[in-house]
Amino acid sequence: MSRAFNFSAGPATLPESVLLQVQEELLEWQGERASVMEVSHRGKAFIDCAAQTEADLRNLLGVNDDYVVLFLQGGATTVSALLPMNLARADQAGEYLLTGHWGEKALENAKASLRTHVVASDKANAYRNIPELSTWQRAGNAAYLHYTSNETIHGVEFANIPEAGDVPLVADFSSNFLARPVDVNRFGMIYAGAQKNIGPAGITIAVIRKELLGRHERNLPPIFEWQNQAKNDSMFNTPPTFPWYVVGLVLKWMIAEGGTEVFARRNADKAGLLYRTIDGSGGFYRNEVAVAARSTMNVPFMLKDEALDKAFLAESEATGLMGLKGHRALGGMRASIYNAMPLSGVQALADFMRDFAVRHG
């Protein structure tokens, strides 16, 4: 077996040590004589696993007791549809700051249950930048201001937390969750699908300020009511136990490696190497995102001639570099360099890119 460097945007690469531990424990977990996928979520072994995972997440992210931490099903897309129901009264508005596809998706999901207002959008510029604060137009009677911290498709990332004033700030952190330290206290809620940076597909984490729950004055189906999940430790119904377990292993790996400050430095080094390779190619490769808004997690880039795309993908995969095809909305290439991607993987990609440019330039 020869593992490739996996640059897929999600489901994405996981730490090899975590995968090996999963392999070792797959048939018999924690002395239970069964797989973690087979034991009851109500049993002591899994309840202890879930509690430790939450404790490790709170440790890594710096989450205090003012917040609940939920482990939910349905992906970040489902959470984005449920958040207006759970955080806003019917007479309020949801504010949305748009910097790419996933911000648009969250906006569309909210429209069915709430009046929405676009504070600012870079769509006219093909989502290559973050709108200047001076262009924002705020709504009255807003329940929250939502933004996407890192746009996986367009490769646009907020370097700083935007100011929301007195309105609770809500952020989709799916593709840069735990990639750097974040002051959670600035937020009313953050959420993230696990499959990009901290685990396999099937579980989504939501960190919500307690005082925001239950203020919506709506009659929701019990399963959609986040207060019910909070009261039941995310086990109001059967949770996705296997992804939850793997997320726990990834969090332990991150703690052992030194936490979010260490990963922030590593991620900056990886992104810097890749952007230098693109910018130093003499135009053979290009990234069209404004430099200040470039993502450290997802790096889209184009070749000088799209006729070379197939050759680039075929040759890179043969070299052991997989998952580089760009999203269909943009075309070109995209390298996702999440926490689990080692610097050696990005170095291998940079070396290949320089060699390819020499041979096809």
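Residues numbered from 1 in each chain as written. Predicted model: local features only at pLDDT ≥ 70, side-chain atom pairs only at ≥ 80, totals over all residues. Heavy atoms only, no water.

A. Structural context of the sheet that holds strand β8 (residues 169–172). Spatially, seven strands are ordered β2-β10-β9-β8-β5-β3-β4 in an open sheet, and the strand pairing comes out mixed. On the outer flanks of this sheet lie β2 (67–72) and β4 (115–121), each paired with one strand and no other. Across the sheet, the mean angle from the axis of one strand to that of its neighbour is 20°, orientation sign disregarded. This element, helix α3 (residues 75–87), spans β2, β3 (93–98), β5 (142–148), β8, β9 (189–193) and β10 (204–209) of the sheet and lies at about 155° to β9. (Pairing = 2+ DSSP bridges. Helix = DSSP H or I, 4+ residues; strand = E, 2+ residues; numbered from the N terminus. Axes fitted to C-alpha atoms, helices over the stretch in contact; angles between N-to-C directions. Contact = heavy atoms within 4.5 Å.)

B. Representation of the environment of Ala124. Mapping Ala124 onto the fold places it in the loop between β4 and β5. On the basis of relative accessible area, Ala124 is assigned to the exposed category, the value being 87%. A C-alpha to C-alpha distance of 31 Å links Ala124 and Asp269, two positions 145 residues apart in sequence. (Buried < 20%, exposed > 50% of the residue type's maximum accessible area, 1.4 Å probe, protein only.)

C. Main features of the sheet that holds strand β12 (residues 298–303). The strand order across the open sheet built from three strands is β11-β12-β14, with neighbouring strands paired in antiparallel fashion. The sheet is open, and its two edges are formed by β11 (285–286) and β14 (333–336), each paired on a single side. Bridging between β12 and β14 involves four bridges; their strand directions are antiparallel. Each bridged residue has a counterpart across the sheet, and for Val299 the counterpart in β14 is Ala335.

D. Structural context of the packing of helix α8 (residues 309–318) against helix α9 (residues 343–360). Between α8 and α9, the least distance of the axes is 11 Å, while the angle of their chain directions is 135°. With respect to their mutual orientation, α8 and α9 come out oblique. Judged by the twist between their axes, the crossing of α8 over α9 is right-handed. Here α8 contributes Ala311, Phe312, Glu315 and Ser316 to the contact with α9, which in turn contributes Phe352, Met353, Phe356, Arg359 and His360. Class assignment for the residues of the contact of α8 with α9 results in five nonpolar, two polar and two charged. (Parallel < 35°, antiparallel > 145°, perpendicular 65-115°, else oblique. Left-handed = near helix turned anticlockwise from the far one by under 90°. Nonpolar A, V, L, I, M, F, W, Y, C, P; charged D, E, K, R; others polar.)

E. Looking closely at the nonpolar core. Residues Phe173, Phe177, Leu178, Ile190, Ile205 and Val207 are the most contacted members of the largest nonpolar core, which totals 59 residues. Looking at this core, the element that brings in the most residues is helix α6 (residues 241–257), giving nine residues. Discounting residues that sit within four places of it in the chain, Ile205 has contacts with Leu57, Val69, Leu70, Phe71, Phe177, Ile190, Tyr191, Ala192, Ile198 and Val247. (Core = buried A, V, L, I, M, F, W, Y, C linked by side-chain atoms within 4.5 Å.)

F. Summary view of the pairing of β12. Judged by how many residues are buried, β12 sits mostly within the fold: six of six residues are covered. As defined by bridge partners, β11 adjoins β12 across two bridges and the pair is classed as antiparallel. The residue bridging Tyr285 from the neighbouring strand is Leu303, located in β12.

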